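# Chain and residue survey
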Amino acid sequence: LVWVTGPTGSGKSSVVKGIVFNEIQYALSGDYEFDKIGDLKKIDFPKQCLESTLLVDANLTRYTSRSSVGSFTDLAKPLRSHFSKCPAARAMGLTESHFSSNSPLGRCRKCEGRGFEIIEMPYLEDVKLKCDECEGKKLKLEYSSLSDGIMTVHEAFSSPIGEILPSISLTPKYIRILEYLKRLKLDYLSLERGLTSLSGGEKQRMYLLSKLTGRAENRFVVIENLSFGLSKLEL
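Residues numbered from 1 in each chain as written. Predicted model: local features only at pLDDT ≥ 70, side-chain atom pairs only at ≥ 80, totals over all residues. Heavy atoms only, no water.

Let us now look at the overall build of the protein chain. Regarding its fold elements, the protein chain presents nine helices and four strands. In the protein chain, the order of α-helices and β-strands from amino to carboxyl end is α-β-α-α-α-β-β-α-α-α-α-α-β. Viewed in the frame of its principal axes, the protein chain has a C-alpha envelope of about 70 × 50 × 35 Å. Within the protein chain, the fraction of its 235 residues that count as buried is 36%. Here the protein chain has roughly 14200 Å² of accessible surface; of this, 52% comes from carbon and sulfur atoms. Positive and negative side-chain charges of the protein chain, numbering 33 and 29 respectively, have mean locations separated by a distance of 4 Å. (Helix = DSSP H or I, 4+ residues; strand = E, 2+ residues; numbered from the N terminus. Buried < 20%, exposed > 50% of the residue type's maximum accessible area, 1.4 Å probe, protein only. Areas by Shrake-Rupley, 256 points an atom, 1.4 Å probe, with all protein chains shown as cover. Lys, Arg positive; Asp, Glu negative; His and termini not counted. Charge placed at Lys NZ, Arg CZ, Asp CG, Glu CD.)

The subject of this paragraph is unusual backbone geometry. Its identity as a non-glycine residue notwithstanding, Asp 74 has a phi of 70 degrees, on the positive side. The residue Asp 74 is located in the loop between helix 2 (69-73) and helix 3 (76-84) in this model. At Lys 138, a position not held by glycine, the phi torsion is positive, near 75 degrees. Note that Lys 138 resides in the loop between strand 3 (127-130) and helix 5 (141-144).

It is worth spelling out the nonpolar core at this point. Ranked by internal contacts, the top residues of the largest apolar core, which has 37 residues, are Leu 75, Leu 79, Phe 83, Phe 99, Leu 146, Ile 161 and Met 206. Residue assignment for this core shows that the elements contributing at least two residues are strand 1 (52-56), helix 3, helix 6 (153-158), helix 7 (161-164), helix 8 (172-183) and helix 9 (200-212). Other than its neighbours up to four places away in sequence, Leu 75 contacts Gly 70, Ile 161, Leu 165, Tyr 174, Ile 177, Leu 181 and Leu 191. (Core = buried A, V, L, I, M, F, W, Y, C linked by side-chain atoms within 4.5 Å. Contact = heavy atoms within 4.5 Å.)

As a further point, take helix 1 (residues 12-29). The first and last C-alpha atoms of helix 1 sit 24 Å apart over 18 residues, in line with the 26 Å expected at 1.5 Å per residue. When the local axis directions of helix 1 are compared, the greatest deviation, roughly 30 degrees, occurs at Asn 22. Turning to helix 1, its buried residues number three or more, namely Val 16, Lys 17, Gly 18, Phe 21, Asn 22, Glu 23, Ile 24 and Gln 25. Here the buried face of helix 1 lies against strand 1 and strand 4 (219-223). (Expected span 1.5 Å × (residues − 1). Bend = angle between axes of the 7 residues up to and from the residue.)

Taking 1.5 Å as the rise per residue, helix 9 with 13 residues should run 18 Å; its terminal C-alpha atoms sit 18 Å apart, in good agreement. Summarising burial for helix 9: ten of the 13 residues are buried, a large majority. Buried within helix 9 we find Gly 200, Gly 201, Glu 202, Lys 203, Gln 204, Arg 205, Met 206, Tyr 207, Leu 208 and Leu 209. Check the buried side of helix 9 and you find it contacts strand 1, helix 2, helix 8 and strand 4.

Right, let's get into the pattern of salt bridges. Inspection of the entire model under this criterion finds eight salt bridges. Between Asp 74 and Lys 173 there is a salt bridge, and its shortest N-O distance comes to 3.3 Å. Of the two residues, Asp 74 is situated in the loop between helix 2 and helix 3 and Lys 173 in helix 8; the sequence distance between them amounts to 99 residues. Within this structure, Lys 110, Glu 117 and Asp 132 form a network of salt bridges that share partners. (Salt bridge = Lys/Arg side-chain N within 4 Å of Asp/Glu carboxyl O.)

Mapped onto the elements, Ser 144 comes out in helix 5. From its side chain, Ser 144 meets the backbone oxygen of Leu 141 in a polar contact 3.4 Å long. Sequence-distant contacts of Ser 144, that is, excluding residues within four places in its chain, are made with Lys 137, Leu 139, Thr 152, Val 153 and His 154. (Polar contact = N/O pair within 3.5 Å; in protein donor to acceptor, adjacent residues only side chain to side chain.)

Quick look at the environment of Asp 57 now. Position of Asp 57 among the secondary structure elements: in the loop between strand 1 and helix 2. Relative accessible area serves as the criterion here: at 11%, Asp 57 is assigned to the buried category. In the structure, Asp 57 is positioned 166 residues away from Ile 223 in sequence and 5.9 Å away in space, judged by C-alpha atoms.

Have a look at this one:
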């Protein structure tokens, strides 16, 4: 790890992102990540050891209103699979899709899986009201209230990940993702938590997690402003 520090406005990002990262990206792929900000005489790095680059910065607009921690990490899948194998779910002929708020099979018809309705107010901010049909649980009530004998579907998706997932059967892939969540101190989040509701620091770490779940070797990684968006408690 190499730390680059200095006063605000001293040019840290310009040098690291605009020159070093940019030139390495160009050498590896033939494309620049950013517009060139100057001429570089020479840059040396072990090309035989590097295959790609990764930038984790303050760009926090990668997510849609539908994105959740569960969908982004794919950890919702093993939990949906768990409930689809319950005796009650089998008796009802339910599949994993019946426990997804993004699927027409499972989401509430009235709020379309958002958990709330938006009331447009002329000249004022729109008002969000909890959906009275699904009670804000996003799924049809008969599915969100289904239980495995220990917890209901809604309780599982709205509880901290670190408390729920260790109690169900996980493949090595999901065990690895859960371990990354713990290392990044994100296992207190729930699977249904919307990514747009996370703090800036939480979004950065979620983005880093998405990259770590793939191949992480032989990459030149730049992480900018680690504390961006973090509260004093998170710091």
